[in-house]
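Here's the letter readout for the chains.
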Amino acid sequence: MNLRKLQPAMATILFISAACSGNVGEDALTSVSPITPDSVIVPVATAKQLVANYAPHAGYVVNAQGDTSSNTRALWFSAEQLEALLDRIRTDGGDGIRFYLATYNDHYPDSGEAYVPPRDQWGHHTLLMVPTREAADTNGMVFHQDYYADYAYGQESIELRIAAPIENDAAMCPPNCPGADLIEPPLP
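Residues numbered from 1 in each chain as written. Predicted model: local features only at pLDDT ≥ 70, side-chain atom pairs only at ≥ 80, totals over all residues. Heavy atoms only, no water.

Asker: Hey, could you run me through the pairing of strand 6 (residues 142–146) in this one?
Answerer: Successive side chains on a regular strand alternate, one facing one side of the sheet and the next facing the other. Bridge count for strand 5 (residues 125–136) against strand 6 is five bridges, and the pairing is antiparallel. Across the sheet, the residue bridging to T132 is D146, located in strand 6. Between the end of strand 5 and the start of strand 6, which pair antiparallel, lie five residues, with G140 showing a positive phi angle near 85°. (Pairing = 2+ DSSP bridges. Helix = DSSP H or I, 4+ residues; strand = E, 2+ residues; numbered from the N terminus.)

Encoded structure:
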């Protein structure tokens, strides 16, 4: 058997094996997705500074018992929730998500409200995710129009055949802060 004749085949097999092995080299760990433009990438040190800049604005919440706690500093959504929302937006012909900064009411009546968050979240900041679609005004100026259905009251935001809800249901930090590395010093 002539080994010289097998060299190209062996090289091809080794190349395919390395490509499919699932081993991640150091370059893969430090590279950024080719679809993420450099202009939107925030270095970790800068991100930590931006989060620290927000701390004085976050403030504190005093609950009904008079206890004070740090207001929301971060929110976590599961990949499944985000993927489901993105799938619905794509199916409906939407073009993105608008994130609204919001604050829960300090108090909710015992009945009658369509949406009442858990009591320990009352008065805290939250984030609402609202689907958008491309629209244009009478002058042809293109913008991103919120679209949603108000499932509690059977209303839609604008005339359309799309019925995506406004979403929330994030894990709030605090109190759920493990892994929120950009907040320094770490919150309990």
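Asker: Explanation requested: the side chain of S78 in the structure shown.
Answerer: Mapped onto the elements, S78 comes out in the loop between strand 3 (74–76) and helix 4 (79–92). Here S78 falls in the buried class, since its relative accessible area comes to 18%. Polar contacts involving the side chain of S78 include one to the main-chain amide nitrogen of Q81, which spans 3.0 Å. (Buried < 20%, exposed > 50% of the residue type's maximum accessible area, 1.4 Å probe, protein only. Polar contact = N/O pair within 3.5 Å; in protein donor to acceptor, adjacent residues only side chain to side chain.)

Asker: How do you make sense of the nonpolar core when you look at a structure like this?
Answerer: Grouped together as the largest cluster of nonpolar side chains are seven residues: F77, L85, I89, L127, M129, Y147 and A170. Within the residue set of this core, elements represented by two or more residues are helix 4 and strand 5. Excluding anything up to four places from it in sequence, I89 contacts G94, D95, G96, I97, P131, T132 and Y147. (Core = buried A, V, L, I, M, F, W, Y, C linked by side-chain atoms within 4.5 Å. Contact = heavy atoms within 4.5 Å.)

Asker: Mind showing me how you'd approach the side chain of Q121 here?
Answerer: Its place among the elements puts Q121 in the loop between strand 4 (96–103) and strand 5. Discounting residues that sit within four places of it in the chain, Q121 has contacts with Y104 and M172.

Asker: What's the story with the sheet that holds strand 5 in this structure? I'm lost.
Answerer: Sheet strands pair by backbone hydrogen bonding; their relative direction is either parallel or antiparallel. Within the open sheet, the three strands sit side by side as 4-5-6. Their pairing is antiparallel. Here the strands that pair on one side only, and so sit at the sheet edges, are strand 4 and strand 6. Along the sheet, successive strands turn relative to each other by an average axial angle of 40°, direction set aside. The sheet strands contacting helix 4 are strand 4 and strand 5, and the helix crosses strand 5 at an angle near 20°. (Axes fitted to C-alpha atoms, helices over the stretch in contact; angles between N-to-C directions.)

Asker: Would you mind showing me how to read the confidence of the model for the protein here?
Answerer: A residue-level look at the protein finds 70% of positions with pLDDT of 70 or above and a mean pLDDT of 74. Averaged over each element, pLDDT in the protein is lowest for helix 1 (residues 3–20) (37) and highest for helix 4 (92). Low pLDDT (under 50) marks residues 1–30, which in the prediction has two contacts with non-local residues, meaning those over four places away or in another chain. A low-confidence stretch, residues 156–162 (pLDDT under 50), is modelled with 17 contacts involving residues beyond four sequence positions or located in other chains. (pLDDT = per-residue confidence, 0-100.)

Asker: Would you mind going over helix 4 with me for this structure?
Answerer: Since the α-helix packs 3.6 residues into each turn, any two residues three or four apart lie on the same face. Between its first and last C-alpha, helix 4 extends 20 Å over 14 residues, near the 20 Å set by a 1.5 Å rise per residue. Looking at the packing, one finds that the buried side of helix 4 touches strand 4 and strand 5. Backbone geometry just downstream of helix 4 places G93 in the positive-phi region, at approximately 85°. (Expected span 1.5 Å × (residues − 1).)

Asker: Please clarify how the environment of Y104 should be interpreted in this entry.
Answerer: Note that Y104 resides in the loop between strand 4 and strand 5. C-alpha separation for the pair Y104 and L127, spaced 23 residues apart in sequence, amounts to 9.8 Å. With sequence-adjacent residues up to four places away left out, Y104 is seen in contact with Y115, P117, Q121, W122, G123, H124, T126, N168 and M172.

Asker: I keep staring at the environment of G96 and nothing clicks. Help me out?
Answerer: Summarising the element assignment, G96 is placed in strand 4. For G96, a relative accessible area of 18% gives the class buried. In the structure, G96 is positioned 50 residues away from D146 in sequence and 9.2 Å away in space, judged by C-alpha atoms. The contact partners of G96, leaving out residues within four places of it in the chain, are I89, V130, P131 and T132.

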